[in-house]
Amino acid sequence: MEGPALVAFQMLNGLVWGLLLALISLGLCLIYGLMRINNLAHGSLFMLGAMLTAWGCNSLEMPLWLATPAAAIAVAVLMLLLDTVLFSRVAGRDMTVGLLATAGLLLIIDNTVLAVFGGEPASVDPPVEDAVALFGLYYPAYRLLAAGIAIAVLLAVWAFLRFSRYGLWMRAVPQARELAASTGVPIARVNLVTVALGGLTAGLAGALATPITGAHFQMGLAILAPSFIVVVVGGLGNIAGTVTMAIVYGLIRGGFSVVMTPTWAEAVTLLALLPLLYFRPDGLFGGR
Amino acid sequence: MDALAISGLQAWYGKSHILQGLDLTVATGEVVGLFGRNGAGKTTLLKSIMRQVPRVEGGITLFGQDITALGTDARARAGIAYMSQENRVFPDLSVAENIAVAAHAVAAPRPLADVLGLIGEIRDHLKRPAGRLSGGQQQLVALARCMTMNCRLLMMDEPTEGVMPQLVERIGEIIRAMARERGVSVLLVEQNIGLGLAACSSIRFIEKGRIVASGTPHSVVSEGLLERHLGVRTRVRPAA
C-alpha cells in the first residue's frame, strides 16, 4: 500500500485510535474534574477491559458481543469498590496523595493481572473479518464498527451529562464543590457514579481494542502518556476539550504513521503536542 | 419551636480557636441579623452550621432534630440553605440549571413558577450562563436556588456585598417576603447596617466567637449597642 491509499488508511487508523483514546481520556478527565485526582491507574482499567475480553472469549468461549460489555461492566464494578476503599479517601486531599495512591493501584492491578493471566499477549479474532471499500482502499469492517460504537457511547455520555440529574450534578460539582454540597447535592454518590462511568468507558475502550491490538498486561502503561497529554492539552477537567483533543491526537498520530513506524509516530505526536502547553498552560480549550 | 438551636458551639481553624462556646437560637419565621467586627466569627458560625469547618464541637438542632452527625449535603436536604460569600453560583451552568441543581437535590422542591413569582428579575436570564450576570443578578439567582430548595432556614453571608444600591433594597424585600409569606427563618450576616436593621426582627452581636448582646432593631439603636459593639454611630431608622 502506498500513496493516497496509505495516507487514507493511516488517517482512518488514527481516527479509530483517537475515538478509543477519547473513551479512555473521558473518564480520566471526569475523575480529575470532580475529585482532583490524577488517576495514574487509568491505563490499567483499559488493560483490564482488554484482558477480561480476551479471557472471556478464549477461556470462557463467550462471543465477543457478550464479552465486550461484560468486561466493561466488570471494570465499572471494580471501580465502585475502589471508590470506597481508595478514591473517596484521597479526593480533596493534596494531589501528591492521589498520585501515590493511584501509582500503587496501577502496580497492584498490573501485577495481579500478570499473576492471574500470565505475561503472554492474548489475541481475539474480530467478529467480522470483512473489509469495506472506502477512499479507494479496503478497510477492516471491525475497526469501523469499533469506531461507531465509540461514537455512540461518547454521544450517550454527552446526553447523560447534559440531560440527567447526575449529569447536571457532575457538571456542577467541579465548578463549586462546597456550593454543591450546601445545595444538597449528594457528593459521595456523584463521585461514585463518576468513578464507575470512568471505569466503564476505559474498560469498554480496552474491550473494543482487543481484536485490533490484542491484550497484554502492560498495555495500560503505553496508553497512559497519550491519555494524560490529551486531558492536559484539552484543558484539565474540560470534557469537550479532552474528547476533541483525543480525536485530533489520533489523526496527528495517523498522519505521522504514513512516514514512520507506529511507535515513532506515537513518540513524535507526544513531542509535537508538548510545546502547546508552553503557550497555553491551561490547555487549548481552557481548564475547569 | 426554635428553627435553629445552637449550644456551646466551638470551632477551630488549625490552632485558631474561632468560636468559643457560642449559644444562639432562631425562632420559626424570625429574621436574625448577626453583627460583629471582622474576625469575630460570623462567617465561621455559618460555615460551622453547614459543617464546612475542619473541627467543630457543640450541639446544633434544626426544628428539634439533632443534625450534628449529618454532612453538609444532608444538612442542606434537612432544610438549611446557605448563601456564602465565596461561591454564589455555578458560573458555567445556565441560570435554569443553577436552579435545577437544587430542585433535583431535595425531596419537595418549590415549583419554578412560585420562585419566579417572587424573584421575577431572573426570568429573562434563565438560559444565560450564571457567571456572566452582574453580582446583584447572581445574588438573585442564589436566592432563587435557596428558595427552590424549599428551605426552612436560610443563612446569608453578606448578600449585598458588591451589589448595586437598587438591588440591595430588593434583596431586603425578598428576605422579608420569604420570612413573612413562606415562614422561612433567616440568619443574616450583613455589613450593611441599614439593610440589617430594616430586614431583621432581631439582632445579635458576636465578639471573639460568642454572642455578647442582642436586641430588637429599635433597641440596639436606642441603647447604643451598635456604637458599643461595632463603633458605628447610626441615624438609620429601623423598620417599625
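Parameters and conventions
Residues numbered from 1 in each chain as written. Chains lettered and ligands numbered in written order. Predicted model: local features only at pLDDT ≥ 70, side-chain atom pairs only at ≥ 80, totals over all residues. Helix = DSSP H or I, 4+ residues; strand = E, 2+ residues; numbered from the N terminus. Rg over C-alpha atoms; globule rule 2.2 N^0.38 Å. Buried ≥ 20, exposed ≤ 12 C-beta atoms within 10 Å, placed from the backbone. Contact = placed C-beta atoms within 7 Å. Pairing = 2+ DSSP bridges. Axes fitted to C-alpha atoms, helices over the stretch in contact; angles between N-to-C directions. Nonpolar A, V, L, I, M, F, W, Y, C, P; charged D, E, K, R; others polar. Parallel < 35°, antiparallel > 145°, perpendicular 65-115°, else oblique. Left-handed = near helix turned anticlockwise from the far one by under 90°. Expected span 1.5 Å × (residues − 1).

Novice: Would you mind showing me how to read the overall build of chain A here?
Specialist: Secondary structure summary: chain A contains 11 helices and two strands in total. Listing each helix as α and each strand as β along chain A from the N terminus yields α-α-α-α-β-β-α-α-α-α-α-α-α. For chain A, whose C-alpha radius of gyration is 19 Å, the value lies close to the compact-globule estimate of 19 Å for 288 residues. Along the three orthogonal principal directions, the C-alpha set of chain A runs to about 60 × 50 × 35 Å. Among the 288 residues that make up chain A, the fraction classed as buried is 50%. Counting only contacts in chain A whose residues sit at least 6 apart along the sequence, the fraction spanning at least 24 positions is 79%.

Novice: Explain the sheet that holds strand β3 (residues 31-35) of chain B here, please?
Specialist: Pairing between sheet strands relies on hydrogen bonds along the backbone, with the strands arranged either parallel or antiparallel. Residue and element names in this part refer to chain B. Taken together, the six strands give an open sheet; going across it, the order is β6-β7-β8-β3-β9-β10, and neighbouring strands pair in mixed fashion. Pairing within the sheet leaves two strands with one partner each, and these edge strands are β6 (80-83) and β10 (210-215). Averaged over all pairs of adjacent strands, the angle between strand axes in this sheet comes to 20°, irrespective of strand direction. Both strand β9 (residues 202-207) and β10 contribute to a ladder of five bridges, which runs antiparallel.

Novice: What should I look at first to understand the environment of Pro111(B) in this one?
Specialist: All names here are of chain B. Checked against the element boundaries, proline 111 lands in the loop between α3 (95-105) and α4 (112-118). A residue is classified by how many C-beta atoms lie within 10 Å of it, and proline 111, with 11 of them, is exposed. Between the C-alpha atoms of proline 111 and serine 214, which are 103 residues apart in sequence, the distance is 36 Å.

Novice: Quick question: what am I supposed to make of the interface of chain B and chain A here?
Specialist: It is common to give the size of an interface as the accessible area lost on bringing the parts into contact. Tallying the contact residues gives 21 residues for chain B and 17 residues for chain A. The set of elements that each furnish at least two residues to the side of chain B that touches chain A consists of α2 (72-78) and α3 of chain B. The biggest single contributor to the side of chain B that touches chain A is α3(B), with six residues. Looking at the side of chain B that touches chain A residue by residue, the classes come out as 12 nonpolar, four polar and five charged.

Novice: Please explain the packing of helix α10 (residues 239-256) of chain A against helix α11 (residues 262-279) of chain A as it appears in this structure.
Specialist: Packed helices, taken two at a time, are described by the angle their axes make and the gap between the axes. Residue and element names in this part refer to chain A. Across the interface, α10 lies against α11 with an axial gap of 9 Å and an inter-helix angle of 130°. Judged on the interaxial angle alone, α11 and α10 are oblique. In terms of crossing hand, the pair formed by α10 and α11 is right-handed. Taken together, the residues of α11 that come into contact with α10 (itself represented by Tyr249, Ile252, Arg253 and Phe256) are Ala265, Glu266, Val268, Thr269 and Ala272.

Novice: Looking at this model, I keep getting lost on α10(A). Mind explaining?
Specialist: Helical periodicity: at 3.6 residues per turn, an α-helix aligns residues three or four positions apart in one direction. Residue and element names in this part refer to chain A. Taking 1.5 Å as the rise per residue, α10 with 18 residues should run 26 Å; its terminal C-alpha atoms sit 26 Å apart, in good agreement. Buried within α10 are the following residues: Ile239, Gly241, Thr242, Val243, Met245, Ala246, Ile247, Tyr249, Gly250, Arg253, Gly254 and Phe256. Structurally, α10 contributes buried residues whose contacts are with α1 (4-35), α5 (141-163), α9 (219-234) and α11.

Novice: It is not clear to me how the packing of helix α2 (residues 42-58) of chain A against helix α3 (residues 64-90) of chain A should be interpreted in this structure. Could you clarify?
Specialist: Residues and elements named next belong to chain A. Across the interface, α2 lies against α3 with an axial gap of 8 Å and an inter-helix angle of 140°. In terms of axis orientation, α2 runs oblique to α3. Here α2 runs over α3; the crossing is right-handed. For the pair formed by α2 and α3, the contact residues are Leu45, Leu48, Gly49, Leu52, Thr53, Gly56 and Cys57 on the first element and Leu64, Ala67, Thr68, Ala70, Ala71, Ala72, Ala74 and Val75 on the second.

Novice: In this structure, what is going on with the sheet that holds strand β2 (residues 16-27) of chain B? I would like to understand it.
Specialist: All names here are of chain B. Spatial ordering of the open sheet is given by β2-β1-β4-β5, a layout of four strands whose pairing is antiparallel. Each edge of the open sheet carries a strand with a single partner, namely β2 and β5 (65-66). Sheet analysis places strand β1 (residues 2-13) next to β2, joined by nine bridges and oriented antiparallel. Note that in β2 the partner of alanine 11 across the bridge is leucine 19.

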